[in-house]
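# Topology and contacts: notes
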Protein chains: 4
Amino acid sequence: MKQSVITGSLGSLGDRFILEGYKDDIPFVEKVRQLADIDGLSGVEVSNFGIEGNAKETAKILSDNGLACSCVNVNIACRRIYGRGALANADAKIRRQAIDECKAAADYAQELGADVINVWPGQDGYDYALCCDYGKLYNDFLESTVEIADHNPDIKVALEFKPREPRNRSLVDNAGTALLMALESGRKNVGVCVDVGHVLYNNANMANAVELCGSRGKLFHMHTNDCLGTWDDDMIVGSVRFIEYIELCYVLRKIGYAGWCSVDIFPSRENAIESARESIAYMRLFDSLVDRIGIAQLEECIRRGDAAYVQRVIREKVFG
Amino acid sequence: MKQSVITGSLGSLGDRFILEGYKDDIPFVEKVRQLADIDGLSGVEVSNFGIEGNAKETAKILSDNGLACSCVNVNIACRRIYGRGALANADAKIRRQAIDECKAAADYAQELGADVINVWPGQDGYDYALCCDYGKLYNDFLESTVEIADHNPDIKVALEFKPREPRNRSLVDNAGTALLMALESGRKNVGVCVDVGHVLYNNANMANAVELCGSRGKLFHMHTNDCLGTWDDDMIVGSVRFIEYIELCYVLRKIGYAGWCSVDIFPSRENAIESARESIAYMRLFDSLVDRIGIAQLEECIRRGDAAYVQRVIREKVFG
Amino acid sequence: MKQSVITGSLGSLGDRFILEGYKDDIPFVEKVRQLADIDGLSGVEVSNFGIEGNAKETAKILSDNGLACSCVNVNIACRRIYGRGALANADAKIRRQAIDECKAAADYAQELGADVINVWPGQDGYDYALCCDYGKLYNDFLESTVEIADHNPDIKVALEFKPREPRNRSLVDNAGTALLMALESGRKNVGVCVDVGHVLYNNANMANAVELCGSRGKLFHMHTNDCLGTWDDDMIVGSVRFIEYIELCYVLRKIGYAGWCSVDIFPSRENAIESARESIAYMRLFDSLVDRIGIAQLEECIRRGDAAYVQRVIREKVFG
Amino acid sequence: MKQSVITGSLGSLGDRFILEGYKDDIPFVEKVRQLADIDGLSGVEVSNFGIEGNAKETAKILSDNGLACSCVNVNIACRRIYGRGALANADAKIRRQAIDECKAAADYAQELGADVINVWPGQDGYDYALCCDYGKLYNDFLESTVEIADHNPDIKVALEFKPREPRNRSLVDNAGTALLMALESGRKNVGVCVDVGHVLYNNANMANAVELCGSRGKLFHMHTNDCLGTWDDDMIVGSVRFIEYIELCYVLRKIGYAGWCSVDIFPSRENAIESARESIAYMRLFDSLVDRIGIAQLEECIRRGDAAYVQRVIREKVFG
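What counts and what doesn't
Residue positions are given per chain, counted from 1 along the sequence in the order it is written. By the order in which they are written, chains take letters starting at A while ligands take numbers starting at 1. Reporting in this predicted model follows two pLDDT cut-offs: at least 70 for local features of residues, and 80 or more for side-chain atom pairs to be given and counted; totals over whole chains, interfaces and linings ignore these cut-offs and use all residues. Side-chain metrics in this entry use all non-hydrogen atoms of the structure; hydrogen atoms and water are not considered. In this description a helix means any DSSP run of H or I spanning at least four residues, a strand means any run of E spanning at least two, and both kinds are numbered starting from the N terminus. Working definition of accessibility: Shrake-Rupley area with a 1.4 Å probe, residue cover restricted to the visible protein chains. Positive: Lys, Arg. Negative: Asp, Glu. His and the chain ends are not part of the count. For the purpose of locating charges, the reference atoms are NZ of Lys, CZ of Arg, CG of Asp and CD of Glu. Whether a residue is buried, partly exposed or exposed follows from its accessible area with a 1.4 Å probe, protein chains only, as a fraction of its type maximum: under 20%, in between, or over 50%, in that order. The criterion for strand pairing is that DSSP finds at least two bridges linking the strands in question. A clockwise path from the first strand over the helix to the second, with the strands pointing away from the viewer, defines a right-handed crossover. Whether two residues touch is decided by their heavy atoms; if any such pair falls within 4.5 Å, the residues are in contact. Joining two parts hides part of their accessible area as seen by a 1.4 Å probe, and the buried area is that hidden amount summed over both. The term salt bridge refers to a pairing of a side-chain nitrogen on Lys or Arg with a carboxyl oxygen on Asp or Glu at a separation within 4 Å. In this description, the arc belongs to the directions extending from the helix axis to the C-beta atoms. The rule is short: rings of Phe, Tyr and Trp, with Trp giving its six-membered ring, pair when the centres are within 6.5 Å, and they are stacked under 30 degrees, edge-to-face over 60, tilted in between. Look at NZ for Lys and CZ for Arg. If either is within 6 Å of the ring centre and within 35 degrees of the ring normal, a charge sits over the ring. Interaxial angles span 0 to 180 degrees and are taken between N-to-C directions of axes, which are lines fitted to C-alpha atoms, for helices over the stretch in contact.

### Side note on the overall build of chain A
- Within chain A, the regular secondary structure consists of eleven helices and ten strands.
- Considered along the principal axes of its C-alpha atoms, chain A spans approximately 60 × 45 × 40 Å.
- As displayed, chain A has an accessible area near 9600 Å², and 48% of this comes from carbon and sulfur atoms.
- Each charge class in chain A can be summarised by its mean position, and for the 36 positive and 47 negative side chains these summaries are 3 Å apart.

See the structure below:
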C-alpha cells in the first residue's frame, strides 16, 4: 500500500465561520520535511498552485526528503474565480482557464514523476432549482475532461466525485456518475478517484465503490479519511469506522490496486502532522489485519454472507 | 402528462412495527373503481402478482373503468423468498425464479397494452461489511437484466434506483449507477425509472436525474411522491417541496418525456385514494405553473442562474 | 455491565415490503432457552403482550433458564390500534387503553422482579404539516406519563427517544426533549432510555447523551445496537463503529450506571441468536478495553482533547 | 410580523474551500442603506464586533435609515480565538473573554434599543470521541450563560441551537437541549432562538420547535432561511419548502410571538440584498396565506389530522 498525504490537509484550514483559519499555515518545505518523518508514508500529493506549482523547486524538496509525488491535485475549486464553476463554468473564459490549468497540471505531474492528476470539480454543480441547464453542465464538463485527457495521454485524469459541498448539489456526485463520465469520455486515461468519506456520506459502501471502478480499470486514485456518516467530515482514518476499512483493504488487494492512497483530512483544530501520521498508521493497521485474518477466511465470510459470523471472525482474529 | 397510480399505494400498508398493516386492504376491482374517479388519472400501474397477475381479468377491470395499464411493477422485492436478493440472489434457483417472473411480467405487460415493466430490485443489495461479493452482485444483476430484456424486446425494462431500504445499501443506488447498467447492458430496451423521492433523499436533484436519463433516451418511467429529505417518505406530492416540482415539470417537457408519471406513495395512516387524488392534482398544478410562468421565462431563469431572480419570478407569477 | 436482549429482536422481523417477515417466529420459551446459552447475558427484556404478558409463565421460563427480567418493554407502538398514537392519541379511548396497558406493565414488571418499564412511544408523533396540535400532543403525553409513573412509584418509567420512524417526526425525539419531559413530569421515577442508535442517527454522540441523562439521575435504561449514521439500522453492536463504544463504556462507569444494557437489534436476514451473542460479546470487549487502556489514560485523553493523541493511544493499547 | 436581516448574511461569505470569500465585502453603512429599501423589513440584527460594535455610530446609521436594531448577534464563534470553544472553552481565560463579550453585547443591545442578544455557541461542542468531558462542557456553558443573563436582566439571552457545524457535534444541539438549559439556568431572561433550518436538518419540524419554546415563554428570537434537509444550507426562504412555512406562520400567531424574524441566509454566490428581499417577501407571503386560508380552516385541518384534506385545502385556497 503506497500512502501519501495531500498538502492541503496541512494548511491554515478555515471554514465559513473562521475564514482566517484555525491556525497559521506553515511553509511547503516544512510540511514536506515533517511528512518525511511519518512511518509508512512514501509520497506527497501536491497542488499545481502557488509555491507547490513550481516543478523544479517542488521536485527538489520532495527528493531531498526521499518522497515521491503521488498525484497532482488540480486547484480548480478553491479560488474565487471558480466560485461558480470551473470545467463547466457557464463563462467560456473561466472554463478555458480551468481547462488550461488542468492541462498544465498534467504536464507538471509528469515533470514530478506522477502519472495521475486528481480533478475534484467541487464548484461544478448548482445550489437552487431553476438555476442550471443540467444537460449543458454535464456536456461542458465532459468536453473539458476529454480535452484535458487528450492533452497528455500519459497522464491519468481521476475524477473525484462527491455528493455536495461547496455546491448544494455536485455534478459528479457519486461513483456511478463518475464512471458514466469516464466511459462516455471514450478516453482510456479518464477514470475515478474514490474518496472514501464521499462514499460514506452518500449512503454507500466504500469497498463497493472501489470494486465498481477497479473492475473496469478505472480506479486511478484513492483519498482516505473517516466520517460520521452525514457529511464530509474528513476525520482521521479509523476514528469512527472499523470493519469497513478492513473490507476496503481486502478489496483493494482483490482488484490489484497499484495506485496511491492519499490521506485527505481536515484537521482544523488538530495537529495536522500527527493526524496524518495516525491516518497512515491506521490504514497500515487495517491492511495488516487482512493478513492476520487471512484472505481465505475473508473469502469465506463473503461466501457465507452471514453478518454474525463475520463479527465473530473479526472479534476472534483481531481482538481474541 | 399521463398520470397513473401504483396499486401498491392503496393496500394495507404495514411497516416493521405494525406488520398487520395500518388498515384493511380492499379488493383490486374496488381500487380501480375508485381510481377511475380521480381527475387527471388515466392509468394504473399494476403488479404481476396475485389477483392483479391475471391478465384477462385485470384487462377487463381496467377497460371497464376506462383506464390504461401504465406499467407492470414487477414483484421481486416483497416476498420472503426474495428477502436476500432477487435478480442477483446468490442462490441460482431463486435468481432463476426472479428472472422468470420478470420475463412473464414483460409478456403480461404486453397483454395489458403497456410497453414498460418497472424493476425495483429492492432486495438486491447488502447490509453489513464483508458479506457481499460486489463484483459478482453487479454482474449477476446485469446478466439477469439482459436476459429479461432479450426475452421480449418490445417491452422496456425500467430499473428503479434507490440508495437503500430494505437493504442498508442497494446495488442500483442512484441515477448514475442505473444509467451505467443500462449502457453496459448493451440493450436498447434497458433504461431507468426515476422515483423522485429516491433522488431527493440521495442528496440530489430530481430534474437533473430526469435530464441525465432522458437525454440518453433512457428515461422509461417516473414515480412521483414527496419527502422530507433524509428517507423515502413516500408522501403526497407537493406536501413538502414546491419549486423543485415546477423545475421537474419543465425538464420533462424539455426532454420530451412521453411516458407515465405514476404516483408511488405510502399513505399508511391517510386515506389512500384522497392522497393519490391530491398527488395527481398537485402534479397537474405544477405542470400548469410551467405554462403560467412560461417556457421563455423559465429559460431566462436558467440562463441567469440567479436564485433571487428565480424566487422573484416564481413569487410574482404564481402568487402575485 | 448487566446485559440482556429484547425478545422483539428474535421474532419474525418483517418490514413494509415483506410483511410476512423474513423468517418464522419461534416460541418464547425457545427464545429464552437459546438466550440462556449466551456468555455475558444475564437477563431478558420482555414485552407485556401476548404469551410474554403472562407473569407466572414468563417468570418460570426465565428462572428455569437462570435469567432475570431486565425490563418490560411496553407494547404501545406495534399494534394497529396505536397506529395514530398511544399515550398522546387524539382519541381519548385509545389513549386510555395505552395508559392502562402501561400501568399494567409496571405491575407486571414488579412481578417479574424488574424495576423499570421501557416506554417507546413510536406512534406518538406526526407525519405531515398542519396535522398536529403540538402543544396538546406534548401535554397529553406528559399527563399520561405522570399517571403511569404515579400508578406504581416503585417502577421507573424510561422514555425512549427517537427522532423518527414509524412517524416522520417523533414527539420524544432526542435526549434533550426526553429530559425536559422527565423534569417537567416532576416525578422521580420518570427518566430516559438511551438507545445508542437513536442518538447516532440524530447527528449526536451516545456518550454525551448518556452523561446528560446519567448526571441528573435520569438514565434508567440502555438499548445497544449499531448503525451507519442516517437511519435506525439496529445492526449488531460493533459492526460499524469502534471508538465511540469505548467512550460509551467509559462514561457508563464514570456516571456509575447500574442499570441494564439491552441488545435492541433487528436481524431480519441474520441469525438472531448469533447476532445477539456477538452484540453482547462486543459490548464486553469494549468494556474490557476500558480496562486495557486504563481509566487514567482515558481521562488524560479527555483532558488533552487531542484527537490524534487519542487515536495513537487507542492504536497502541488496543492493537499494539 | 417584524422582520430583520442579519448583517452577516451580507458579507464576503467564504467557506473552507474559498477562504477569500465569494465576493467583496461592502461597508456596514452601505449594507444598512440597501436593507432600508426592502419592503417589509424594519430592523437589522447586528453583531457586537468590528465597526458594528460601535454603539453611537451604529445607532445613527440605523436611525438615519429608519431601521430598528432587532437583536445583537454575539460574535463568539467566528474568530480564531474561539476555534475550540467560547462560553465552555476549557481555557478559563478564553471562556472569560467570551463571557465578557456577551455581557458587553447585552449592554450594547440596550444602547441600540434591542431587548435580546442572540448567542450562537457554534464552537462549543466537540469533534471526536474521547476528546470531551461532556458534563463539564454543559456545566461550564450553563454557568457562563447564567453570568451573562444576570449581568443585565433587562436583556433576554436567546440560545441558538444547531445540531452541528462548525463542530461535528454541538453542545446546544436541538430545541429540547436548549429548553433544558433555559430551565436549568433558573433565569427568566434565558431562552431560545429557533433557526428554522437548524430544526429542519435535525429531522424535526419548525412549528413544533417554535410551539415547544413559545408555550413556555422561551421563544426569544427567530432566524429564517430554507434548506434541503440534510445540512444548514441557509438558502432563501421559500426556495425549497412551502406548507411548513404556512404552518410556522400560523403557530407564531397561535403562541402570540411578538419578537423578530431575522433572515439568516448565506448567499455566497447570490446577490445578498436580493436574496434577503425575497426571503422577507416570502415570509410575508406565507403569513398572508394564513389569512387567505383562515385560522378557522387551519384549525379544522389540525383537528382532522388528515394530510390529504390539508393538501386539498391548501391547493384550493392558495392555488385555486
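### Structural notes on the pairing of strand β4 (residues 116–119) of chain A
Residue and element names in this part refer to chain A.
- The two faces of β4 match: V116 and N118 on one face and I117 and V119 on the other face are all buried.
- In the sheet, strand β3 (residues 68–73) pairs with β4 via two bridges, with the strands oriented parallel. Looking across to β4, one finds that N73 is bridged to N118.
- Following the backbone out of β3, through helix α3 (residues 92–111) and into the adjacent parallel β4, one traces a crossover that is right-handed.

### Some thoughts on the interface of chain B and chain C
- Each side of the interface is counted separately: chain B has 41 residues, and chain C has 41 residues.
- Interface area for chain B against chain C, summed over the two sides, is near 3900 Å², with a carbon-plus-sulfur share of 49%.
- Broken down residue by residue, the surface that chain B buries against chain C is led by B:R16, B:R80 and B:R269, which jointly contribute 24%.
- Here chain B is connected to chain C by twelve salt bridges.

### What to know about helix α10 (residues 295–304) of chain C
All names here are of chain C.
- When we look at burial in α10, the residues that qualify are Q297, L298, C301 and I302. Down the axis of α10, the smallest arc covering the buried residues is 140°, so these residues share one side. Across α10 from its buried face, at more than 90 degrees, point the exposed residues A296 and R303.
- On its buried face, α10 sits against α8 (243–254), α9 (272–293) and α11 (307–319).
- Following α10 by one or two positions, G305 adopts a phi angle in the positive range, close to 60°.

### Focus on the packing of aromatic side chains
- This model, assessed by the stated rule, comprises 38 aromatic pairs over all chains.
- Plain terms: the ring middles of B:Y126 and B:Y134 are 4.8 Å apart, the flat faces sit at 65° to each other, and that makes the pair edge-to-face. Neither B:Y126 nor B:Y134 differs from the other in exposure class; each is buried.
- Measuring from ring centre to ring centre gives 4.8 Å for C:Y245 and C:F286, while their planes differ by 10°; the resulting arrangement is stacked. Remark: C:F286 occurs in helix α9 and C:Y245 occurs in helix α8; sequence separation between them is 41 residues. The pair C:Y245 / C:F286 is uniform in exposure class, with both members buried.
- The ring of A:Y138 carries B:R216 above its face, with NZ or CZ at 4.5 Å from the centroid.
- For C:K156, the ring lying beneath its charged end belongs to C:F220, and the centroid distance is 5.4 Å.

### Focus: the sheet that holds strand β2 (residues 41–47) of chain D
Residue and element names in this part refer to chain D.
- Pairing is parallel around the closed barrel formed by eight strands, whose spatial order is β1-β2-β3-β4-β6-β8-β9-β10. Between one strand axis and the next, the sheet turns by 30° as a mean value, whatever way the strands run.
- As judged from the four bridges shared by strand β8 (residues 190–195) and strand β9 (residues 219–224), these two strands associate in the parallel manner. By the bridge assignment, D195 is partnered in β9 with H223.
- Against the sheet, helix α4 (residues 134–151) contacts β4 (116–119), β6 (156–160) and β8, and its axis sits at roughly 150° relative to β6.
- Across the sheet, helix α9 (residues 272–293) touches β1 (2–6), β2, β9 and β10 (260–263), and the angle it forms with β1 is around 155°.

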